[in-house]
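Chain by chain, the residues:
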Protein chains: 2
Amino acid sequence: MQIILLSGGSGTRLWPLSNDARSKQFLKLLPKEGSDEKESMVQRVVRQINESGIKADITVAISLSQKDSITSQLGNRVDIVAEPSRRGTFPAICLACEYLAKEKHISPEETIIVMPCDPFTEEGYFQKIKSMAKAVSDSSFELIVMGVTPTYPSSKYGYVMASNENFSSNKEVLEVEKFIEKPSEKEAEKLISEGALWNAGVFGFKLGFLTKVSDNYFSSPIFHEYLKNYDKFPWISFDCEVAEKCRHMGMVEYRGFWKDLGTWNTLTDEIPSHVYGNVLTDGLSKNTHVFNELNMPMLVLGTENLVIAASHDGIIVTEKSKSETIKDYARRLKSRPMYEERRWGTYKVIDSVKFDDNFQALTKQLTLNPGASLSYQRHSCRDEVWTFIDGEGELVVNGKRRHVGRGDVIVIPKGDLHTLRAITPLTFIEVQHGENLIEEDIERFPYDWDKSDNNVEDKKEIQN
Amino acid sequence: MQIILLSGGSGTRLWPLSNDARSKQFLKLLPKEGSDEKESMVQRVVRQINESGIKADITVAISLSQKDSITSQLGNRVDIVAEPSRRGTFPAICLACEYLAKEKHISPEETIIVMPCDPFTEEGYFQKIKSMAKAVSDSSFELIVMGVTPTYPSSKYGYVMASNENFSSNKEVLEVEKFIEKPSEKEAEKLISEGALWNAGVFGFKLGFLTKVSDNYFSSPIFHEYLKNYDKFPWISFDCEVAEKCRHMGMVEYRGFWKDLGTWNTLTDEIPSHVYGNVLTDGLSKNTHVFNELNMPMLVLGTENLVIAASHDGIIVTEKSKSETIKDYARRLKSRPMYEERRWGTYKVIDSVKFDDNFQALTKQLTLNPGASLSYQRHSCRDEVWTFIDGEGELVVNGKRRHVGRGDVIVIPKGDLHTLRAITPLTFIEVQHGENLIEEDIERFPYDWDKSDNNVEDKKEIQN
């Protein structure tokens, strides 16, 4: 059995804690039962899968910008397949399945469970996933979907209706008669009265079922070719391309706790602690959640029903019930991510200034984890000044290697090749200055730390 | 006629926009009639004095930490007397009077008006100050105080009661029978019912009257000696030391608009615009004032009766009526000022980090105004790294002078003498690192920019 965890999301609904590089599923805000630690949604679901006794390999389907976050939070416990660009859930699931088929050589008869990484659920949910897996191998259904008991006529979800013959039966797997994508609220009301369930976005099928659909768009024996030809797949959801067209679908119903923690309002309901970070409150604030990721102190006096959140990306103060509208506004506030967790460590942007003639300066504080290294890189539009303030490391500039530590100041003019490796946690302040300060102004080259001689051939790494 | 403007205040009640270096009277938040510009309380009162036709020199009595703010906001339009340390209004007024007597050689017969710089008032207030000045020269009263019609039985103000014989008269100056310092709310109620007025903290007297009181504590023909012997004066208010003891005091009553803008609640009442800085709100917020001095965007959705303010010192979110309690909390949040307006320009602290072994790094963005220069200085506990990102200037390190501009990186190890002068607005990023990063780690020496040869004698400047 193989699980494909879908980790998408544009990261605007929990702004400013979430951003393009740190989607909501990576925020470490959820209480971990029986401990003071916090975990993220993606850490929680992987832990729950393991604790429920499901025997499966996990492959996480992500967008490229999430790669470092996933590696940092889950380490090597999962496989990762990164979409070269965002194209909806159907291409993302095809890519993950082709990875399993072509790269991991999984049999076409193997059971695949696709599930989102962000619903907040309990143990029973994972037991139903076992039932779905059993139905994939034991029943004749091409596709199994999980139905969830709806609590209100939402227009945000799809609906699944079992055929009438099922109603009296007590079978674990029911035949699906109708599969309806996001109806209006009125239609939803009617569907619920007729017994329809929410489509939980959890699907089970045999690997060969999906690779056959995928073959309609692109086919190759080599997985890497799918990455290169990813734009051959249509920009469409799995629900529309596969589920709606499926003639013989089964459903397993889950009646337990299931919640989409997509907004500040729903998320804070599940968080017992009201204050994170450097926050001081009087005893008079009611139903107010405060998240402060900044160094500076925050003082909250006498407020009611608020969510207050501050990160290097910005600050929000919202009445809880209004937090759903954030998406419309956050798009307008969009800028480069100001804090990122990368495979090598973390950085935050601490200052950014642009002058009349378009010259810019961007100042960052960066920390490399011990043993981690940057790629061997050069920039064509900016100079960089590094002032090392803690730790020990090795620096390479244009092939010359040297030791660096506290107090060392290094100037790297545009065009100079450079890389850095940390021996102990290595913290430095970087001042970038130039005319086009974007993350994309970077050329990466291979560097072998074990070889003393690294000739640069003009061969860029494909991705990193 | 001489006006002494008192500019005290510890800067906690409008935290985080105010701090020790930037008291509330320097915040440029007040609308300037007939223009889109904003002005500070101290700028407003100086403008109002001039517009009212009062012919007087103005001396501002300040604490040392406010010197650069005053110079930056008022330029050379006023004289400045800075207390060497904070000791209450009596010593501060003595010092200003001794400055007028010994340094400016003002006659003992000259009329002095002492007034706070922060009440929010109208033209009529300044006309009453003219009446007070007239009473000082024409009447036999030793001291004239301004009384303000009270609007509620406050325990924050002192009260002044005219003697009974005055009641039927229409005289501009009434004789004071009782002068009561901050009573309880209950006593205040009684006082108001008996006809007492608020003490507005505005006093008029002849210069010789006060220097005679001052002589009781310290006397010298040289003003500089008063600075050196400032601790000979008791830590006491002018009201207790002078007004309460005065046997023959007159009062001029002001019945117009007068308001203490000391809290967020009272201040925001006088500010028509609800949003300052990089702020986005939905149309649903009610009676919410937002001040954002940070670079990052702020989003405010559906809030009611709030003040939200963010500066480099911190962030506050407070229900308006609770904003009076801020003082108790802000003390606990106190840290070094993160933004300062100096005589030479401005700086903000953009990052601060401390490691386990007490080693620290502090990163600032600084801008020097054209023509302005830093003092010639050295530090004993920190290195500094300057990366110039805009403008042109001249740098001196250990006597050697050079031109600096964009892209120049200068390392200044501890012990090296250095100064900087801006030709055009000069912006640079400074990374300080060392073991005791405090503003006080500085030794200042004279430097003459017009001489090519500046030998450093070991003679520190007295203050700067």
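Higher on the page you've got the structure.
What you see is a predicted model; the values in this text were computed from it and never measured.

Chemist: What exactly am I supposed to notice about the packing of helix H3 (residues 89-103) of chain A against helix H6 (residues 207-215) of chain A here?
Modeler: Relative orientation and spacing of two packed helices are given, respectively, by the angle between their axes and the distance between those axes. Residue and element names in this part refer to chain A. Following both chains from N to C, one finds H3 and H6 inclined at 120°, their axes separated by 9 Å at the closest point. What the angle tells us is that H3 and H6 run oblique. Considering how the two elements wind past one another, H3 and H6 form a crossing that is left-handed. For the pair formed by H3 and H6, the contact residues are Phe90, Ile93, Cys94, Cys97, Glu98, Leu100 and Ala101 on the first element and Leu207, Leu210, Thr211, Val213, Ser214 and Asp215 on the second. Broken down by class, the residue content of the contact of H3 with H6 amounts to nine nonpolar, two polar and two charged.

Chemist: Would you explain the packing of aromatic side chains in this entry?
Modeler: Given two aromatic rings, one states the distance between the centres and the angle between the planes to describe the pair. Residues and elements named next belong to chain A. A full pass over the atoms with the stated rule returns 46 aromatic pairs over all chains. Aromatic side chains Tyr276 and Phe291 sit 5.2 Å apart centroid to centroid with 25° between the ring planes, which places their arrangement in the stacked category. Within this pair, whereas Tyr276 is found in strand S14 (residues 275-277), its partner Phe291 is found in strand S16 (residues 289-292), the two being separated by 15 residues in sequence. As far as the burial class goes, Tyr276 and Phe291 line up, both buried.

Chemist: Would you take a moment to explain the pairing of S16 of chain A for this structure?
Modeler: In the case of a regular strand, side chains alternate between the two sheet surfaces. Residue and element names in this part refer to chain A. Neither face of S16 is left uncovered, since the one carrying His289 and Phe291 and the one carrying Val290 and Asn292 both have all their residues buried. Looking at chain direction, S14 and S16 are connected through three bridges and run parallel. Each bridged residue has a counterpart across the sheet, and for Val275 the counterpart in S16 is Val290. Where S16 and strand S18 (residues 306-311) come together, four bridges link them in parallel fashion. Across the sheet, the residue bridging to Phe291 is Ala309, located in S18.

Chemist: Can you walk me through the sheet that holds strand S24 (residues 382-390) of chain A in this structure?
Modeler: Residues and elements named next belong to chain A. Sheet architecture is open: six strands sit in the order S20-S21-S22-S29-S24-S27, paired in antiparallel fashion. Only two strands of the sheet have a single partner each, and these edge strands are strand S20 (339-342) and strand S27 (409-412). Strand-to-strand twist in this sheet, taken as the mean axis angle between neighbours without regard to direction, amounts to 20°.

Chemist: It is not clear to me how the pattern of salt bridges should be interpreted in this structure. Could you clarify?
Modeler: Working definition: two side chains of opposite charge can pair if their charged atoms are close together. By the definition in use, this model includes 54 salt bridges over all chains. The residue Lys348 of chain A makes a salt bridge to Asp351 of chain B at a minimum N-O spacing of 3.7 Å. Of the two residues, Lys348 of chain A sits in strand S21 (residues 345-354) while Asp351 of chain B sits in strand S21 (residues 345-354), which places them in two different chains. You'll find Lys348 of chain A and Asp351 of chain B in the same group, each marked buried. For the salt bridge of Arg378 of chain B with Glu443 of chain B, the shortest nitrogen-to-oxygen distance reads 2.8 Å. Linking Arg378 of chain B in strand S23 (residues 376-378) with Glu443 of chain B in strand S30 (residues 443-445), this pair joins segments that are 65 residues apart in sequence. Overall, Arg378 of chain B belongs to the partly exposed group, its relative accessible area being 24%. Residue classification places Glu443 of chain B among the partly exposed positions, given a relative accessible area of 24%. Connected through shared salt-bridge partners, Lys24, Asp118 and Asp260 of chain A make up one network.

Chemist: What is the right way to look at the relation of the copies chain B and chain A in this model?
Modeler: The two chain copies are related to each other by a rotation about an axis together with a translation along it. Mapping chain B onto chain A calls for a rotation angle of 180° and an axial translation of 0.0 Å; the resulting RMSD is 0.2 Å. These values place the two chain copies in the arrangement generated by a two-fold rotation axis. Proximity to the rotation axis, assessed at the C-alpha, singles out Ile350 of chain B in chain B; its C-alpha lies 2.9 Å from the axis. By residue overlap, the copies meet face to face through one surface: 100% of the interface positions of chain B are interface positions in chain A.

Chemist: Would you take a moment to explain the interface of chain B and chain A for this structure?
Modeler: Listed per partner, the contact involves 57 residues of chain B and 57 residues of chain A. Note on chain B versus chain A: buried area summed over both sides is about 4500 Å², and carbon and sulfur give 72% of it. The largest contributions to the chain B side of the interface with chain A come from Leu299, Leu301 and Ile315 of chain B, which together make up 14% of the buried area. The interface formed by chain B and chain A contains four salt bridges. Scanning the region where chain B abuts chain A turns up 14 residue pairs in polar contact (both at pLDDT 80 or more).

Chemist: Would you mind showing me how to read helix H4 (residues 123-138) of chain A here?
Modeler: For an α-helix the count is 3.6 residues per turn, leaving residues at separations of three or four pointing the same way. Taking 1.5 Å as the rise per residue, H4 of chain A with 16 residues should run 22 Å; its terminal C-alpha atoms sit 23 Å apart, in good agreement. When H4 of chain A is considered as a whole, its buried residues turn out to be Tyr125, Phe126, Ile129, Ser131, Met132, Ala133, Ala135 and Val136 of chain A.

Chemist: Could you clarify how one ought to interpret the environment of Tyr347 of chain A in this entry?
Modeler: Mapped onto the secondary structure, Tyr347 of chain A falls in strand S21. Along the backbone, Tyr347 of chain A and Thr427 of chain A are 80 residues apart, and their C-alpha atoms lie at a distance of 9.6 Å.

Chemist: Can you help me understand the side chain of Asn292 of chain B in this one?
Modeler: Residues and elements named next belong to chain B. With respect to the helices and strands, Asn292 occurs in strand S16 (residues 289-292). Residue classification places Asn292 among the buried positions, given a relative accessible area of 5%. At a separation of 3.0 Å, a polar atom in the side chain of Asn292 contacts the main-chain carbonyl oxygen of Asn278. For Asn292, the side chain forms a polar contact with the main-chain oxygen of Met296, separated by 2.9 Å. The residues touching Asn292, leaving out its near neighbours within four places in the chain, are Tyr276, Gly277, Asn278, Val279, Pro297, Met298 and Ala310.

Chemist: Just to check I follow, could you spell out the sheet that holds strand S24 (residues 382-390) of chain B for this structure?
Modeler: Pairing between sheet strands relies on hydrogen bonds along the backbone, with the strands arranged either parallel or antiparallel. Residue and element names in this part refer to chain B. Strand order across the open sheet formed by six strands is S20-S21-S22-S29-S24-S27, with antiparallel pairing between neighbours. Both outer strands of the open sheet, strand S20 (339-342) and strand S27 (409-412), are each paired with one neighbouring strand and no more. Direction aside, neighbouring strands of the sheet carry axes that sit 20° apart on average.

Chemist: Sorry, what's going on with empty space enclosed by the protein here?
Modeler: Rolled over the atoms, a probe as big as a water molecule pinpoints where empty space is left. All names here are of chain B. Applying the stated criterion across every chain yields a total of two cavities of 30 Å³ or more. There is about 30 Å³ of room inside the second largest cavity. Forming the walls of the second largest cavity are Leu30, Met41, Arg44, Val45, Gln48, Asp118, Pro119, Phe120 and Leu261. If you list the elements that add at least two residues to the lining of the second largest cavity, you get helix H1 (41-51) and strand S7 (119-121). If one sorts the elements of the lining of the second largest cavity by residue count, H1 sits on top with four residues. Grouping the constituent residues of the lining of the second largest cavity by class yields six nonpolar, one polar and two charged.

Chemist: I would appreciate a short explanation of H3 of chain A in the present structure.
Modeler: All names here are of chain A. Between its first and last C-alpha, H3 extends 20 Å over 15 residues, near the 21 Å set by a 1.5 Å rise per residue. Here H3 lies mainly inside the structure; 12 of its 15 residues are buried. Among the residues of H3, Phe90, Pro91, Ala92, Ile93, Cys94, Leu95, Ala96, Cys97, Glu98, Tyr99, Leu100 and Ala101 are the ones counted as buried. Directly after H3, the chain includes His105, whose backbone phi takes a positive value near 55°.

How each quantity is defined
- Residues numbered from 1 in each chain as written.
- Chains lettered and ligands numbered in written order.
- Predicted model: local features only at pLDDT ≥ 70, side-chain atom pairs only at ≥ 80, totals over all residues.
- Heavy atoms only, no water.
- Axes fitted to C-alpha atoms, helices over the stretch in contact; angles between N-to-C directions.
- Helix = DSSP H or I, 4+ residues; strand = E, 2+ residues; numbered from the N terminus.
- Parallel < 35°, antiparallel > 145°, perpendicular 65-115°, else oblique.
- Left-handed = near helix turned anticlockwise from the far one by under 90°.
- Contact = heavy atoms within 4.5 Å.
- Nonpolar A, V, L, I, M, F, W, Y, C, P; charged D, E, K, R; others polar.
- Phe/Tyr/Trp six-rings, centres within 6.5 Å; stacked < 30°, edge-to-face > 60°.
- Buried < 20%, exposed > 50% of the residue type's maximum accessible area, 1.4 Å probe, protein only.
- Pairing = 2+ DSSP bridges.
- Salt bridge = Lys/Arg side-chain N within 4 Å of Asp/Glu carboxyl O.
- Least-squares fit on C-alpha atoms with pLDDT ≥ 70 in both.
- Buried area = accessible area lost by both parts, 1.4 Å probe.
- Polar contact = N/O pair within 3.5 Å; in protein donor to acceptor, adjacent residues only side chain to side chain.
- Expected span 1.5 Å × (residues − 1).
- 1 Å grid on protein atoms, 1.4 Å probe; cavity = no way out; pocket = protein on both sides within 12 Å on 5 of 7 lines; lining within 4 Å.
- Points joined across faces, edges and corners; volume = space filled by probe spheres on them.

These values are about where atoms sit, not about what they do.
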